[in-house]
Amino acid sequence: MGLSPSLLDREDVHVVIVGGGYAGMQLARNMKNKARFTLIDPKEMLYHNVGAVRSCTEPGFAKKILIPYAPTFGENFKQGAVTGINAAGKTVLLASGETVKYSHLVLATGSTGAFPFNLPDGMTTAAQVVKKSEGVLELVKAAKKVAIIGGGAVGTEIAGEIATDYKDKEVTLIHTREVLVDAESSEAFQKRLKHILQGLGVKLVLGERVTNLDQLPTDRVENVTVMTDKGTEISADLVIPCTGLKVNSMAYKDSLAPSMEDNGSLKVNNFFEVQGTKGIYAIGDCTNIPETKMAYRAGMHAELLAKNILAEETGGTKKEYKPDPFMMTISLGREAGMGQKGTTLLPEFMVRMLKSRDMMAWKSWRDMGQSAP
């Protein structure tokens, strides 16, 4: 990956990476042939959750977003769940009772939330994910009126997917704010985004909070009424919640409590070093870096940290992380998409080609050095 020199002859260097999402996977790739490392994740595969929304509308798509770790990382991959960290002894404890010693520990545990963007605890095999995705797909097919609660990136993209593939369905997107997707997006982005969604037939209920979500079934098709704090009532027979992404702190919440923010994220400096620790780092969604959490930024964290670890061990100079200008892309079904970099809207044809066409599954397979099915 353009990193040099190598630390493979250093028995005292062992980089343990907890979490195999976009950040952890990228760091593991950057460590290959450079230093001894172990990637630990409860799942047997990378879940390309950027493409998860399409697995709920397109038959067979789930298999395209599940990329096994073993063919890429071989013996450097260990399937298991980390439940504790002994910072003094420099070991991590797995649920199985096994301990793994490290010289550098990198926490890349990501976030948790509702399916399809995140997998429930215990869903660790490709077969389980495919079965779950197919179940959601059948619910979408059977429904006539779909209410999507939460207008962040995931909720907005699901609305676009369903409205594109199932034009006979009524799709309503409900969001607590007037601004969809991200507060950093421009007024021009918002105007164009809402225009595209409404052109697809999506009804937008913005600036209103659903008050009866806890009473609504989300695992079956059933006629219900979604109620908001402004008195709006939405008739639906399928409710898809897309709210409440949380930091996944399970691996370190007991061991590193003094280094955590109230929301579970880890306090890091500009070198990704976890506050109050030595030899422990955090990258990706589980950091308290003040930026919108995105897959491409997680990859940037990983690439810089890999270079810094190598520099630190060879007398080189480490570089600080500096958040880049705002950038994001949104797929609105395979036929539409838009994005923004800085304050400029990206050409829509480019977003359609790069993301909307196959939700960038091609990139994850390429990054893992494997061929897509």
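Given the structure is predicted, the values throughout are model-derived calculations rather than measurements.

1. Points about the sheet that holds strand β8 (residues 99-101)
Read from one edge of the open sheet, three strands run β6-β7-β8, paired in antiparallel fashion. At either end of the open sheet lies a strand with only one pairing partner, and these are β6 (82-86) and β8. Neighbour to neighbour, the strand axes of the sheet diverge by 25 degrees on average, direction disregarded. In terms of strand pairing, β6 meets strand β7 (residues 91-94) through four bridges, oriented antiparallel. Looking across to β7, one finds that Gly 84 is bridged to Leu 93.

2. Quick word on unusual backbone geometry
Residue Pro 116 follows Phe 115 across a cis peptide bond; omega there is 20 degrees. In this structure, Pro 116 sits in the loop between β10 (111-112) and α4 (126-142). Even without being glycine, Asn 33 reaches a positive phi, approximately 65 degrees. Of note, Asn 33 is situated in the loop between α1 (22-31) and β2 (36-41). Looking at Asn 33, the relative accessible area reads 62%, which means it is exposed. The phi dihedral of Met 359 is positive, around 60 degrees, even though this residue is not glycine. What makes Met 359 buried here is its relative accessible area of 0%.

3. Remarks on the layout of surface pockets
Estimated volume of the second largest pocket: approximately 270 Å³. What lines the second largest pocket is a set of 15 residues, and nearest its centre among them are Phe 115, Lys 132, Val 136, Thr 218 and Pro 241. In terms of residue class, the lining of the second largest pocket is built from eleven nonpolar, two polar and two charged.

4. Describing helix α7 (residues 295-314)
With 20 residues, α7 extends 29 Å between its outermost C-alpha atoms, agreeing within 8% with the 28 Å of an ideal straight helix rising 1.5 Å per residue. Within the sequence span of α7, burial applies to Arg 297, Ala 298, Gly 299, His 301, Ala 302, Leu 304, Leu 305, Ala 306, Asn 308, Ile 309, Leu 310 and Ala 311. Residues of α7 that are buried make contact with β1 (14-18), α1, β9 (104-107), β18 (280-282) and β19 (327-331). Of the residues trailing α7, Gly 315 is marked for its positive phi of about 80 degrees.

5. Notes on the sheet that holds β9
Hydrogen bonding along the main chain pairs the strands of a sheet, whether they run parallel or antiparallel. If you trace the five strands from one edge of the open sheet to the other, you get β5-β2-β1-β9-β18, paired in parallel fashion. In the strand order of this sheet, the two ends are held by β5 (77-79) and β18, each with one partner. Between one strand axis and the next, the sheet turns through 20 degrees on average, direction left out of account. The strands touched by α7 are β1, β9 and β18; relative to β9, the strand with the most contacts, the crossing angle is about 165 degrees.

Thresholds applied
Residues numbered from 1 in each chain as written. Predicted model: local features only at pLDDT ≥ 70, side-chain atom pairs only at ≥ 80, totals over all residues. Heavy atoms only, no water. Pairing = 2+ DSSP bridges. Helix = DSSP H or I, 4+ residues; strand = E, 2+ residues; numbered from the N terminus. Axes fitted to C-alpha atoms, helices over the stretch in contact; angles between N-to-C directions. Buried < 20%, exposed > 50% of the residue type's maximum accessible area, 1.4 Å probe, protein only. 1 Å grid on protein atoms, 1.4 Å probe; cavity = no way out; pocket = protein on both sides within 12 Å on 5 of 7 lines; lining within 4 Å. Points joined across faces, edges and corners; volume = space filled by probe spheres on them. Nonpolar A, V, L, I, M, F, W, Y, C, P; charged D, E, K, R; others polar. Expected span 1.5 Å × (residues − 1). Contact = heavy atoms within 4.5 Å.

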